[in-house]
Amino acid sequence: MRLAVFMPELLRHLFKKPATVDYPFKKLEVPKGFRGTPFLHPDICIACRACERDCPAEAIEITSVSDVEKKFKMVIHNDRCVHCAQCVDSCPTNPVKAMEMDHLFETAGFDRHDLKMEWVFVRALPKKEPKPAAPAAGPAQP
Amino acid sequence: MAVLKPILYLVVYPGLLFLFVYSTFCEWFDRKVYARLQNRMGPTHTGRWGLLQPVADFFKLMSKEDVVPDKADKTLFTLLPIVGLAIVTTAGLLLPLWSVSETGFAQVSFSGDIIVLLYLLSLPTLIFFLAGWSSTNAFSEIGGTRVLTMLFGYEVPLFMAVLSPAILANSWRMAEIAQFYRAKPLLILPNLLGFVIALICVQAKLERTPFDIPHAETEIVGGTFTEYSGKKLAFFRLMTDIELVVSSGLIAVVFLGGFPGGVGLGLVFFIIKTLFVIFLLSLIRAMTSRIRVDQVVSFSWKYLAPLAVLQLLIVILIKGLLL
Amino acid sequence: MKFNIPIGPQHPALKEPISLRMTVEGEVIRDVDIRLGYNHRGLEKLAEERSWVQNIYLTERICGICSHSHTTCYVQGVEKLMEIEPPKRGNYIRYLVSELERIHSHLLWLGVAGHEAGFDSFFMYTWRDREVVMDLLEMISGNRVHYAINTIGGVRRDLDEGLVKKILDGIQVLRARSEYYFKIGANEPTFVGRLAGVGFLSKQQAIDLCAVGPTTRASGVAIDIRKDDPHAVYDEVPFDVCTADSCDVLGRTVVRIKELMESYKICEFLLKNLPAGDIAVKAPKKAKPNEVVSRYEAPRGENIHYIKSNGTEKPERLKVRAPTLANYPATVEMLKNGFIADIPLIFAAIDPCVCCAERTVEIVNARSGEEKVLRFSQLRALAAARYKNSPVQRNAVWPF
């Protein structure tokens, strides 16, 4: 039991720079692989609806705009999204996935309807792979 | 015209306005030192370097809604912050800030004013107890009883520690004590033990860690101040700040040799010496954790009071040997 | 003269709402009445409406501090139901994140204990050092809380060489800091004076009241699921179970700091011996009808998940028994004959994660104040009767 055992450390900190990041005036760097908000690459999407099925927060909504032209509309409800990136994992397109997470984290707003994003696109044709091991790129039935 | 000078003295310097400005500066200093010791920033963005933060807090509290509990005694509940503020500002008037010359002392200096100052500084404890009692809230009652229990612990060592330099200097008048130690600076050294004891007891009087038991935030919500809000709480916080300035001023006068040199130089010495004492108090605050109220009483009577008696013995011995 | 003090549901000492009604006499507590249910969110019912993959993210959100424990416990159980086994590398990464989470949770607890005792400087320092672990976890998994690194059949993200080196460096820094905190915790007289002799729970009481985790290990009872029921990597990794004999809050602090040091050793072993290979196997969509009990040593104690499947892609029943729920009866014993000043410390010493434990609800009649306990079969019958004739809804109805 020693007296004032904490004191040398405390006094040493008087001369160090504070550990606080002065947040709104200085920004923080997020690492690569940070899970921000999801967004779509509409030219690659094959509208298989795997992301819509697997989303735990029901934040992805894919509706068919026109059956003839194979046009679809995807709405991502960023106010419901929990940023889990399961949509990115479930997306079967390769080599580049149609769903991707960006690095934005300052997504606050005053109205939850401002946080919804929409894309209207024509479904891309799935690549025909010769004898695939698992037919992951085939068009799934909705 | 003759009546203007005392009014200026009471309201501007060293009265209300000076105490308000300086105590908010001391609270800023305390918060900044505490934060830097903990590797954080402290107030930064209100005013340059965050200097206006305590003033902003005061004005914010003044503008909030004032809720008085139904069953509380309304007169007592409302009067207590005002009376408390009056007591500590009166105590502030007694500090010898304005020694005009070596022989002419402060405006309100008289023999025995150190006793009056110590008495006036004990009254806030009673005010806190009454504040807790009149709130009729279980948490405030516990806070009130804790304040009085702590009073049994630290008051006796504080009196003994502060009065030993007075005994050595052969005077009960603060300005004279300060002048004695300025003339013979080596005699400050035997009082070092009393200095340490007085620091610890003042920390207990001001209810700061390790003794912030009466308003322990994590245990009894707000302690004595649970039911206070708005203007009354603003006055209580201002009262604690001014109590901080007055207590550190008392320690600076009695142990560190006072504030010589008239109006201007006296103010500079006041600021330097009180900031030094407040720095030490903030260091104690950052270094320790809160202790229980029964541990306060046992610690005071087992360690502080015997050491204070030892300090008195040392002073009496030196007085007999040297003077 | 006895009077009642309500600690909670709203109180600065509690991070989450729980009601502890104390009957006090002066400063001494005579009796405690615990009321739960303020944080109940209906997670077990929600779990029945979601598929196996979606439930990973639901169980993760049972708690913020021990999120990975709930996911791992669930995923272990589901992998057993689906009869798949994750590859070795996947297992190593999964339990590496477990140990990193244990480090983060214990550093958080040290800070909270300091704050409850009034030792704010200690609180600031431990939380500053916890940022090292949070940044490492952010680099591994993409988020500081809710790592979501598990998937059924393995993990989702891989570690590369640079990341392994960064984690090892971070652990070195943390090890030096933890030894410093051990020195402070054992030697600062005001802090030790608050912790020693407080919240006494004897060894026999700990066994009788079924306490789990560091709470009982501080009373000398050496139970640890990682040693008693080794699964996945724990039969290969060398480590010791940490116990203390003082049966009080100081013992629990010492146990947690010792566990920190053990976790550093385990992390270094896992990182240095990381095998090459895949990180996940593909999981089927449906599971055969079966039931499984999955156990896991969370930072707070033993976490149990019971999962029952009926052959579809959604679970039939998920039951969560969090460690804090097992520690509540022990808390009541510890609080009796203690001081009011010790309430926050005793309660914080069991490391309460109240939202983990909100699986039970007491029915209180609002008008008469009468309390009733219903059996689970009665509750299910009531729910079935209410929803029997309502239209089938596949998903929740979103109002906008």
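In every chain, residue numbers begin from 1 and rise along the written sequence. Labels follow written order: the first chain is A, the first ligand is 1, and so on. Per-residue local features are limited, in this predicted model, to residues with pLDDT of at least 70; the limit for side-chain atom pairs, both in listing and counting, is 80 or more; totals at the level of whole chains, interfaces and linings are taken over all residues. Values reported for side chains reflect all heavy atoms of the structure, with hydrogen atoms and water molecules removed beforehand.

1. Details of the overall build of chain B
Okay, so step 1: Secondary structure is summarised from DSSP: a helix means a run of H or I of at least four residues, a strand means a run of E of at least two, and numbering begins at the N terminus for each. A count of helices and strands for chain B gives 12 helices and 0 strands.
Okay, so step 2: For chain B, the succession of helices and strands along the chain, N to C, is α-α-α-α-α-α-α-α-α-α-α-α.
Okay, so step 3: Any two residues whose heavy atoms approach within 4.5 Å are treated as being in contact. For chain B, restricting intrachain contacts to residue pairs at least 6 apart in sequence, the fraction spanning at least 24 positions comes to 78%.
Okay, so step 4: When charges are tallied, Lys and Arg are placed among the positive residues and Asp and Glu among the negative ones, while His and the ends of the chain are skipped. Working definition for charges: the position is that of NZ of Lys, CZ of Arg, CG of Asp or CD of Glu. Taken as two groups, the 25 positive and 20 negative side-chain charges of chain B have centres that lie 7 Å from each other.

2. Describing the overall build of chain C
Okay, so step 1: Within chain C, the secondary structure is distributed over 14 helices and 10 strands.
Okay, so step 2: Its C-alpha radius of gyration of 22 Å places chain C within 12% of the 21 Å reference for a compact globule of 400 residues.
Okay, so step 3: By its C-alpha atoms, chain C is 60 × 60 × 45 Å across when sized along the principal axes.
Okay, so step 4: Each residue is placed in one exposure class: buried if its accessible area under a 1.4 Å probe, protein chains only, is under 20% of its type's maximum, exposed if it is over 50%, and partly exposed if it falls in between. The burial tally for chain C puts 56% of its 400 residues in the buried class.
Okay, so step 5: The long-range fraction of contacts in chain C, counting pairs at least 24 apart against all pairs at least 6 apart in sequence, stands at 69%.
Okay, so step 6: Surface accessibility in these figures is a Shrake-Rupley result with a 1.4 Å probe; residues are shielded only by whichever protein chains are displayed. Counting every atom, chain C has about 16300 Å² of accessible surface; 55% of that belongs to carbon and sulfur.
Okay, so step 7: Computed over 54 positive and 51 negative side-chain charges, the inter-centroid distance for chain C is 5 Å. The atom set for the radius of gyration is the C-alpha atoms, and the globule formula is 2.2 Å times the number of residues raised to the power 0.38.

3. Examining the nonpolar core
Okay, so step 1: In this text, buried Ala, Val, Leu, Ile, Met, Phe, Trp, Tyr and Cys residues form a nonpolar core when linked through side-chain atoms within 4.5 Å. The biggest cluster of nonpolar side chains holds 177 residues, and the ones touching the most others in it are Phe236(B), Leu250(B), Ile103(C) and Leu159(C).
Okay, so step 2: Per element, the largest residue contribution to this core is 15 residues, and it comes from helix H10 (residues 230–256) of chain B.
Okay, so step 3: For Ile103(C), the residues in contact, after removing those within four places along its chain, are Val133(C), Leu174(C), Leu260(C), Ser263(C), Tyr264(C) and Cys267(C).
Okay, so step 4: One finds Tyr57(C), Leu58(C), Met82(C) and Ile84(C) within the second-largest nonpolar core, a separate group that totals 22 residues.

4. Examining a nonpolar patch on the surface
Residues and elements named next belong to chain B.
Okay, so step 1: Surface patches are defined over residues having more than 30% relative accessible area and no salt bridge, joining like charges when they lie within 9 Å and nonpolar side chains (Val, Leu, Ile, Met, Phe, Trp, Tyr) when within 5 Å. Only one rule defines a salt bridge in this text: a Lys or Arg side-chain nitrogen within 4 Å of an Asp or Glu carboxyl oxygen. There is a patch of nonpolar side chains on the surface, built from Val3, Ile7, Leu8, Leu10, Val11, Val12, Leu17 and Val21 and spanning about 690 Å² of accessible area.
Okay, so step 2: Sorting the residues of the nonpolar patch by element identifies helix H1 (4–11) and helix H2 (16–37) as the ones contributing at least two each.
Okay, so step 3: In terms of residues, the nonpolar patch owes the most to one element, H1, which gives 4 residues.
Okay, so step 4: Given the relative accessible area of 42%, valine 11 is considered partly exposed.

5. A short note on the sheet that holds strand E5 (residues 116–122) of chain A
Residues and elements named next belong to chain A.
Okay, so step 1: Think of it this way: DSSP has to see at least two bridges between two strands before they count as a pair. In space, the 3 strands of this open sheet follow the order E2-E3-E5, with antiparallel pairing throughout. Pairing within the sheet leaves two strands with one partner each, and these edge strands are strand E2 (60–66) and E5. Sheet twist, expressed as the mean angle between neighbouring strand axes with direction ignored, is 20 degrees.
Okay, so step 2: The pairing of E2 with strand E3 (residues 71–77) spans 6 bridges and is classified as antiparallel. Angles here are taken between N-to-C directions and fall from 0 to 180 degrees, while the axes themselves are lines fitted to C-alpha atoms, restricted in helices to the stretch in contact.

6. Focus: the interface of chain A and chain B
It is common to give the size of an interface as the accessible area that goes away when the parts come together.
Okay, so step 1: On the side of chain B, 10 residues touch chain A, which itself brings 14 residues to the contact.
Okay, so step 2: A quick way to say it: buried area is the sum, across both parts, of accessible area lost when two parts are put together, with a 1.4 Å probe. A buried area of about 1200 Å², summed over both sides, lies between chain A and chain B, and 70% of it is on carbon and sulfur atoms.
Okay, so step 3: Sorting the residues of chain A by area buried against chain B places Leu10(A), Leu14(A) and Pro18(A) first, and these three jointly supply 39% of that buried surface.
Okay, so step 4: There are 0 salt bridges connecting chain A and chain B.
Okay, so step 5: Pairing of N or O atoms within 3.5 Å defines a polar contact, subject to two protein rules: one partner must be a possible hydrogen donor and the other a possible acceptor, and residues neighboring in sequence count only if both atoms are side-chain atoms. There are 3 residue pairs in polar contact (both at pLDDT 80 or more) connecting chain A and chain B.

7. Describing the interface of chain B and chain C
Okay, so step 1: The partner chain C presents 29 residues to the 24 residues of chain B that form the contact.
Okay, so step 2: Counting across the interface, chain B meets chain C through 1 salt bridge.
Okay, so step 3: Across the pair Asp342(C) and Arg292(B) runs a salt bridge whose closest N-O atoms are separated by 3.2 Å.
Okay, so step 4: Connecting chain B to chain C are 9 residue pairs in polar contact (both at pLDDT 80 or more).

8. Let's talk about the side chain of Arg80(A)
Residue and element names in this part refer to chain A.
Okay, so step 1: As for its position among the elements, arginine 80 is in the loop between E3 and helix H3 (86–90).
Okay, so step 2: Despite being buried, arginine 80 has no salt bridge partner; glutamate 61 is the closest side chain of opposite charge, sitting 4.6 Å away.
Okay, so step 3: Separated by 2.9 Å, the side chain of arginine 80 and the backbone oxygen of glutamate 58 make a polar contact.

9. Some thoughts on the confidence of the model for chain C
Residues and elements named next belong to chain C.
Okay, so step 1: On a range of 0 to 100, pLDDT expresses the predictor's confidence in each residue. Summarising the model, chain C shows a mean pLDDT of 86, and 95% of its residues fall at 70 or more.
Okay, so step 2: The weakest mean pLDDT in chain C belongs to strand E9 (residues 363–364) at 68; the strongest belongs to helix H3 (residues 67–82) at 92.
Okay, so step 3: The complex prediction reports pTM at 0.88, with the ipTM value standing at 0.85.

10. Examining the sheet that holds strand E2 (residues 19–25) of chain C
Through backbone hydrogen bonds, the strands of a sheet pair up, either in parallel or in antiparallel fashion.
Residues and elements named next belong to chain C.
Okay, so step 1: In space, the 3 strands of this open sheet follow the order E1-E2-E3, with antiparallel pairing throughout. With partners counted over all chains shown, the strands left at the sheet margins are strand E1 (2–7) and strand E3 (28–35), one partner each. Mean inter-strand twist for the sheet, computed between neighbouring axes without regard to direction, equals 25 degrees.
Okay, so step 2: Strand direction decides the pairing type here: E2 and E3, joined by 7 bridges, are antiparallel. Along E3, the bridge assignment pairs threonine 23 with aspartate 31.
Okay, so step 3: Contacts from helix H12 (residues 323–335) reach E2 and E3, with the element oriented near 160 degrees to E3.

11. With respect to the packing of aromatic side chains
Okay, so step 1: For Phe, Tyr and Trp, where Trp contributes only its six-membered ring, two rings pair if their centres lie within 6.5 Å, and the inter-plane angle classes them as stacked under 30 degrees, edge-to-face over 60, or tilted in between. Under the definition given, this model contains 27 aromatic pairs over all chains.
Okay, so step 2: Ring centres of Phe20(B) and Phe58(B) lie 5.2 Å apart, and the angle between their planes is 65 degrees; on these two criteria the pair is classed as edge-to-face. Taken together, the residues span a long stretch of sequence, with Phe20(B) in helix H2 and Phe58(B) in helix H3 (residues 53–62) at a distance of 38 residues.
Okay, so step 3: A relative accessible area of 19% places Phe20(B) in the buried class.
Okay, so step 4: By relative accessible area, which is 11% here, Phe58(B) ends up buried.
Okay, so step 5: Counting every residue linked through ring pairs, the aromatic cluster contains Phe6(A), Phe119(C), Phe122(C), Tyr125(C), Tyr180(C), Tyr181(C) and Phe191(C).

12. Some words on the environment of Ile46(A)
Residues and elements named next belong to chain A.
Okay, so step 1: Mapped onto the elements, isoleucine 46 comes out in the loop between strand E1 (38–40) and helix H2 (50–54).
Okay, so step 2: Here isoleucine 46 falls in the buried class, since its relative accessible area comes to 7%.
Okay, so step 3: For isoleucine 46 and proline 126, which are 80 residues apart along the polypeptide, the C-alpha to C-alpha distance reads 6.2 Å.

13. Brief notes about helix H6 (residues 138–169) of chain B
Because the α-helix completes a turn every 3.6 residues, residues three or four places apart line up on one side.
Residue and element names in this part refer to chain B.
Okay, so step 1: Compared with an ideal rise of 1.5 Å per residue, which puts 32 residues at 46 Å, H6 spans 47 Å between its outermost C-alpha atoms and is within 8% of the ideal.
Okay, so step 2: Here the bend at a residue means the angle between the axes of two seven-residue stretches, the one that ends at it and the one that starts at it. Its maximal kink placed at tyrosine 154, H6 deviates by approximately 35 degrees, while the proline proline 157 follows within four residues.
Okay, so step 3: Phi turns positive, to about 65 degrees, at asparagine 170, one or two residues after H6. Residue count minus one, scaled by 1.5 Å, sets the expected span of a helix.

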